[in-house]
Amino acid sequence: MESAIRKRLKELKERYLKRRLTLISGPQEPWVRVNGRRVLLLCSNNYLGLANHPELKEAAMKAVEKYGVGSGASRLVSGTMEAHKELEEKLKRFKKKEAVLLFNSGWHANTGIIPQIIGRGGEIFSDKLNHASIIDGCVLSRAAIKRYSHCDAGQLKDLIKKSTARRKLIITDGVFSMDGDIPPLKEIIEIAEKYGATVFLDDAHSVGVFGKRGRGTLEYLGIERPLVIEMGTLGKAFGSYGAFVAGSKKLIELLINRGRRFIYSTSLPPAVCAASIRAITIVEREPERRERLFKNASYLRDSLKKGGFDILKSSTHIIPLVTGDAKKTMAITERLLKKGIFCQGIRPPSVPSSRLRITVTSEHTEKDLRFDLGGIKEVFEGNFS
Ligand SMILES: *Cc1c(COP(=O)(O)O)cnc(C)c1O
C-alpha cells in the first residue's frame, strides 16, 4: 500500500499536479500572514468580509455558552437544536421559499439532494463546468448524465429535445466557481418549462452577494420561479459554514426521510448556526457590502483587462487568469507570493485548464487593489522552463 501511495504521489509531482497546503496565521482578512510575512489575500471566498466579523464571533460565543460545542448526532437521532430551527426559519424568510433544510456543507447538499430528486431512468443535463460536488451527486444518482457546453443554452435545448426520459433535471452553478460568469438562466428555465424538466441551481458563490437583497442569482436576474430548487452555502459570502437547500415542503420532507447526507451525518454545531443567523442579518442590513464588493470586482476586472490580461467572461468577483499549464501556474503562484500577493493556482482536475483564480472581497480597499500590475504581467511572461 505505502509503495502504491508513493508511486501515485510521484506521478502527481512529475505532472506538476502535486498539491501543498499553505499555512496562514490569523483570521481570513484582506491581508494575512504567510511565513510571518503580510501578504494580500486574493483567493478567499469570504466575499463580504464576514468570516472575522465581531458580531458573528459574538453570536458564536454566546451560542457556545448556551448550547455547548457539539450537536451530538444527526438531527434525526439526538434532536434538532433550537439554533438549527432558527437558522432554517431565517433562511426560509430570506429566500422566500416554502421550506429550507440545512446540510453540513455544500458538498453534503449536492451529493445528498441530487440522488433524491432523480434516479435510474432519469436524465440529468449538467453544465460542463459545474462544481465537482454536483458531478459526484449526479454519478451517485445513477441517472443518465448529459453534459452541455459551458453556458450553452442552445446545446442544452438540442440535448433535452432528444430525451425520452420521464424525469429530467437541469443543473447549473449560479456563478461559476472557477470562471466567474453567470449562466443564461432565463433561457435555461424556459427550456426546462418547455420540456418538462426541473432546474437545480447551485448558488454557492452568489447567495449573499447577488440581487438587491442578496438572495442570489434569480433575484439578480429578476426571475421568480418557486419551483427552481436552490442550493446555497453559508461558508462563502456568509463567512460561516454549512449549506442549505430551499424548495417545496414536500422536497424537504423527502430529504429528511431519504437524504443520506442528512440522515447519516452529525448535524452542524449550534455555534456555527448562530454565526450564520447573524450573517444573514448583516447581509440584509448592509447592502453597502455588496456594493463595495461589486466596485472592487469591477475595478480589478477593468485594470486587469487594461493591463492586457484575458479574464474570460468573468462579470463577477471571481476572476480567472488562465495559463493553461500546471507547472507555470504554480511557479506564478510562488512568484506572486514573493511579491506579497497570495493568489492560489488552480490545476486539473479542479479545472480543465490551469489558471490563477483571483477573488476580491468587499473589505479590500482600492489601495489594496492598486498593486503593481506591470510587475504581475512580468511574472506571467517570465521564464518557466
Ligand atoms: C464551494 C462550492 C460547493 C461546496 O460548498 P462547501 O460548503 O464548501 O462544501 C458547492 N458548489 C459550488 C459551486 C461551490 O463553489
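See the structure printed just above.
This one's a predicted model, so the numbers in the text were calculated from it and none came from an experiment.

Conventions adopted
Residues numbered from 1 in each chain as written. Predicted model: local features only at pLDDT ≥ 70, side-chain atom pairs only at ≥ 80, totals over all residues. Heavy atoms only, no water. Helix = DSSP H or I, 4+ residues; strand = E, 2+ residues; numbered from the N terminus. Rg over C-alpha atoms; globule rule 2.2 N^0.38 Å. Contact = heavy atoms within 4.5 Å. Pairing = 2+ DSSP bridges. Axes fitted to C-alpha atoms, helices over the stretch in contact; angles between N-to-C directions. Buried < 20%, exposed > 50% of the residue type's maximum accessible area, 1.4 Å probe, protein only. Right-handed = clockwise from strand over helix to strand, strands pointing away. Disulfide = S-S within 2.5 Å. Patch = residues over 30% accessible without salt bridge, like charges linked within 9 Å, V, L, I, M, F, W, Y side chains within 5 Å. Areas by Shrake-Rupley, 256 points an atom, 1.4 Å probe, with all protein chains shown as cover. Salt bridge = Lys/Arg side-chain N within 4 Å of Asp/Glu carboxyl O.

Draft legend 1. Spotlight on the overall build of the protein. Scanning the protein from N- to C-terminus turns up 16 helices and 14 strands. On C-alpha atoms alone, the protein measures out to a radius of gyration of 21 Å, which is about the 21 Å that the 2.2 N^0.38 rule sets for 385 residues. Viewed in the frame of its principal axes, the protein has a C-alpha envelope of about 55 × 55 × 50 Å. A separation of at least 24 residues holds for 71% of the contacts in the protein among residues at least 6 apart in sequence.

Draft legend 2. The arrangement of the sheet that holds strand β4 (residues 99-103) in detail. Here seven strands make up an open sheet; going across it, the order is β4-β10-β9-β8-β7-β5-β6 and the pairing mixed. Each edge of the sheet is formed by a strand with only one pairing partner; in this case those strands are β4 and β6 (144-148). Here the average twist between neighbouring strands, direction ignored, is 20°. As paired strands, β4 and strand β10 (residues 243-247) are joined by five bridges and run antiparallel to one another. By the bridge assignment for β10, alanine 99 is matched with glycine 247. Against the sheet, helix α8 (residues 185-195) touches β6, β7 (168-173) and β8 (197-202), its axis set at about 150° to β8.

Draft legend 3. Structural view of the pairing of strand β5 (residues 123-127). In terms of burial, β5 is largely enclosed, as five of its five residues are buried. Where burial is concerned, the two faces of β5 agree: the one with Glu123, Phe125 and Asp127 and the one with Ile124 and Ser126 are both buried. The pairing of β5 with β6 spans five bridges and is classified as parallel. By the bridge assignment, isoleucine 124 is partnered in β6 with isoleucine 145. In this fold, β5 hands off to helix α6 (residues 132-141), which returns the chain to β6; that crossover is right-handed. Alignment of β5 against β7, held across four bridges, turns out to be parallel. Within the sheet, the bridge partner assigned to serine 126 lies in β7 and is isoleucine 171.

Draft legend 4. View of the side chain of serine 206. If you trace the backbone, serine 206 turns up in the loop between β8 and α9 (217-221). Ignoring anything within four residues of it in the chain, the contact list for serine 206 reads Val175, Gly216 and Thr217.

Draft legend 5. Focus on the state of the cysteines. According to the stated counting rule, one finds zero disulfides in the structure shown. Cysteine 43 carries a free sulfur, and the closest cysteine sulfur to it, the one in cysteine 343, is 5.7 Å from it. Since its relative accessible area comes to 19%, cysteine 43 is described here as buried.

Draft legend 6. Region of the structure containing a nonpolar patch on the surface. Among the surface-exposed residues, Met1, Ile5, Leu9 and Leu12 lie close enough to one another that they form a single nonpolar patch of about 390 Å² accessible area. Note on placement: leucine 9 falls in helix α1 (residues 2-14). Leucine 9 sits in the partly exposed class, given a relative accessible area of 39%.

Draft legend 7. Broad picture of the pattern of salt bridges. Within this structure, the stated rule accounts for 20 salt bridges. Residue lysine 62 is joined to glutamate 58 by a salt bridge in which the shortest nitrogen-to-oxygen separation is 2.9 Å. Of this pair, lysine 62 and glutamate 58 are both found in helix α2 (residues 54-67), four residues apart, which corresponds to roughly one turn of the helix. On the basis of relative accessible area, glutamate 58 is assigned to the partly exposed category, the value being 36%. Salt-bridge contacts for arginine 225 lead to glutamate 193; the nearest nitrogen and oxygen are separated by 2.5 Å.

Draft legend 8. Layout of unusual backbone geometry. Of note, the bond from proline 348 into proline 349 is cis; its omega dihedral lies within 30 degrees of zero at 0°. A positive phi angle is found at asparagine 35, which is not glycine, with a value near 50°. Its place among the elements puts asparagine 35 in the loop between β2 (31-34) and β3 (37-41). Asparagine 35 sits in the exposed class, given a relative accessible area of 75%. Despite not being glycine, arginine 142 shows a phi value in the positive range, around 70°. Looking at the secondary structure, you find arginine 142 in the loop between α6 and β6.

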